[in-house]
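Residues per chain are reported as follows:
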Amino acid sequence: MKRVAIIGYAVSRLEWDAEKTREEAVFEVAREAMRSAGIEREDLGTAISASTDFLDGRTISNCMLIGASGAYLKDESKAEEDGMYAALYAAQRIMSGVHDVALAVSHTHSWIFNPHQVTQYMLEPWFDRQNELLNEITLAALQARLYMSRSGADEEHLAEVCVKNLRNAAKNPAAFRKMADVTVEEVLESRLYSSPLTELMIAPPCDGAAAVILASEEAAKEFCDDPVWIRGIGNACDRYLRDRDLGRLDSLRIAAERAYRMAGIEEPFRQIDVAEVTERFAHQEFMAYEALGFCREGMGKVLIEEGMTEVYGEIPVNPSGGALSGDPVCATGMIRLIEAVRQIRGETENQVEECRTALAHAQWGLCAQKNLVFILGDRL
Amino acid sequence: MGLIKEKFDKTMQVEGEWNIGAYRWKAPEGYLDEYVRNFKERKIIGTLCTSCGRAYVPPREICARCFTETTEKVEVSQYGEVLAFLVSPPLEKGKVVIAGIDAVQAGFLKEGERIILAMVRFEGTASSMVLPLINIEPEKVRVGMKVKAVWAEECQGKLADLVGVEPAFEVKYE
């Protein structure tokens, strides 16, 4: 199996009602990613895009993006999910030895269609969809309650996650929701969507696009001076939300175990320098701490209380601000991957010291049904 | 419409609907709006890729082949060629709905009439458009025939100003 490295990336500024079309947004990041990797469109072997038909309002949502992503008359495919799945798909194509350089690009313009308008269509149609109160937010509120009753965390702990991430986001120029002086009280007093979730505990949908260039070992050494290596990958998908333990992210735990085994990581708390996780809702960051093995079951709140996951802490989580700082749905996970790459290269505004191993996590589905973990390192 | 909707007797059905009207799209600024605005002067404007020289009508903001932005505008010929065509079955009431209006009921099209849609490539362009082909019998249409643009009597700078295409020369058919 071939080694895979990330040699270039680009992220657009996250905003609401961006003054550009989706094609322009994808074109911008694809061209910028190729420029940062030092490659031309001719060097590209394959291009994978990630977008969602129901958010784009057109079926085969990649069909209009061929020109914009540089995939014209090339090997092209699409992952109908988060951009990190497009990166996974691209990495697998390189590992197979068929291609040397791949582009993975993802985008969502939430302005076109607010994702929360249709989350009830992710439910099964016979029982759950007949109940108009059920949607992504109310189900996440149920999950938060399940987690809180199991772990003893309360609303203030959830608010502390928001405070940490939104303050981190204030240092990130690309972030959408930045609040340098936000307090726990402000988070708790923001608009209540579904108890216990308030507005600031929910990732704000926004417009954005991201792209990464992946390369095989030979190509990476040819094009790039400081490639970031993909050391481990783990992917797992759980069952429908009523058929699983909603209060635990078992699929994330299994995905993380697979990625750790591939990367040779035995003690994640000590061996991982920074983690970028996709927490669409504040409680999911606690659930991720536990599933990723940073703490024992139910001890996620202690990491926040002790400040361990702050940027200066033992295991910084989301120094970029995470999904709570802006959620361009299909690009959110890919932005986590890019932030992890930037941490290893030492290019971020909120830099973790001596960062050599980073973890990036993407989720998809209601209540994080599906989880994908990448372990990145500055050496093989 | 047996091909589109089939009823199954053995399964229970649950109704559901999806509000497609909630979607909104952005068009690239300075491309489609300028293209439609120029209809008022009965001009067809496309974009020109300065790197490969291809012209795109309707305007495209990106040349996929060169992976560059196409910023230059160019007026293209009103004459073109039929690449392909289709002839509809005789129209019935309630079957052709354009922008929410029943075309037959509103009087745009006559009942029993057949519409010809032609894929037209205007001279010098690298893309094609699908337009109604009018003023010709369906039996006389041939792939490769030359056509020219037909404009509304009063052009207002709207998409409907370009009514369609008609044969550029008298068709001699023996």
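Residues numbered from 1 in each chain as written. Chains lettered and ligands numbered in written order. Predicted model: local features only at pLDDT ≥ 70, side-chain atom pairs only at ≥ 80, totals over all residues.

Quick look at the interface of chain A and chain B now. Taken residue by residue, the interface counts 18 residues in chain A and 15 residues in chain B. At the level of secondary structure, the elements contributing two or more residues to the side of chain A that touches chain B comprise helix H1 (22-37) and helix H3 (66-69) of chain A. Looking at the side of chain A that touches chain B, its residues break down into nine nonpolar, five polar and four charged. (Contact = placed C-beta atoms within 7 Å. Helix = DSSP H or I, 4+ residues; strand = E, 2+ residues; numbered from the N terminus. Nonpolar A, V, L, I, M, F, W, Y, C, P; charged D, E, K, R; others polar.)

All names here are of chain A. Taken in spatial order, the nine strands of this open sheet run S3-S2-S4-S7-S1-S8-S11-S10-S9, and their pairing is mixed. With one partner strand each, in any of the chains shown, strand S3 (75-79) and strand S9 (274-276) form the two edges of the open sheet. Put simply, the sheet's adjacent strands are angled 25 degrees from each other on average, direction ignored. Taken together, the eight bridges between strand S8 (residues 228-237) and strand S11 (residues 370-377) define a ladder with antiparallel strand orientation. (Pairing = 2+ DSSP bridges. Axes fitted to C-alpha atoms, helices over the stretch in contact; angles between N-to-C directions.)

Attention shifts here to the pairing of strand S6 (residues 79-87) of chain B. Residues and elements named next belong to chain B. Two elements, S6 and strand S11 (residues 146-151), share three bridges in a ladder whose sense is antiparallel. Of the residues in S11, the one forming a bridge with Glu81 is Lys146. Where S6 lies against strand S9 (residues 116-122), seven bridges are found, and the strand directions are antiparallel. Following the sheet pairing, Val82 is matched in S9 by Val120.

The next thing to look at is unusual backbone geometry. Note that the residue after Ser195 of chain A, namely Pro196 of chain A, is joined by a cis bond; omega there is 5 degrees. The residue Pro196 of chain A is located in the loop between strand S5 (192-194) and strand S6 (197-198) in this model. The amide bond that connects Val57 of chain B to the next residue, Pro58 of chain B, takes the cis arrangement and shows omega of -5 degrees. Along the chain, Pro58 of chain B falls in the loop between strand S2 (55-56) and strand S3 (62-63). Phi at Ile60 of chain A takes a positive value of approximately 50 degrees, unusual for a residue other than glycine. Along the chain, Ile60 of chain A turns up in the loop between helix H2 (53-56) and H3.

The next subject is the domain arrangement of chain A. Residue and element names in this part refer to chain A. By domain assignment, chain A separates into domain 1 (4-112 + 205-223) and domain 2 (115-203 + 231-380). The C-alpha centroid of domain 2 is placed 23 Å from the C-alpha centroid of domain 1. Contacts between the two partners involve 30 residues from domain 1, matched on the other side by 27 residues from domain 2. Only strand S1 (4-11), H2, helix H4 (83-95), strand S4 (101-109) and strand S7 (207-216) provide two or more residues apiece to the side of domain 1 that touches domain 2. Top element by residues in the side of domain 1 that touches domain 2 is H4. It accounts for six residues. Its residues assigned to classes, the side of domain 1 that touches domain 2 shows 17 nonpolar, eight polar and five charged. (Domains from an automatic or database assignment.)

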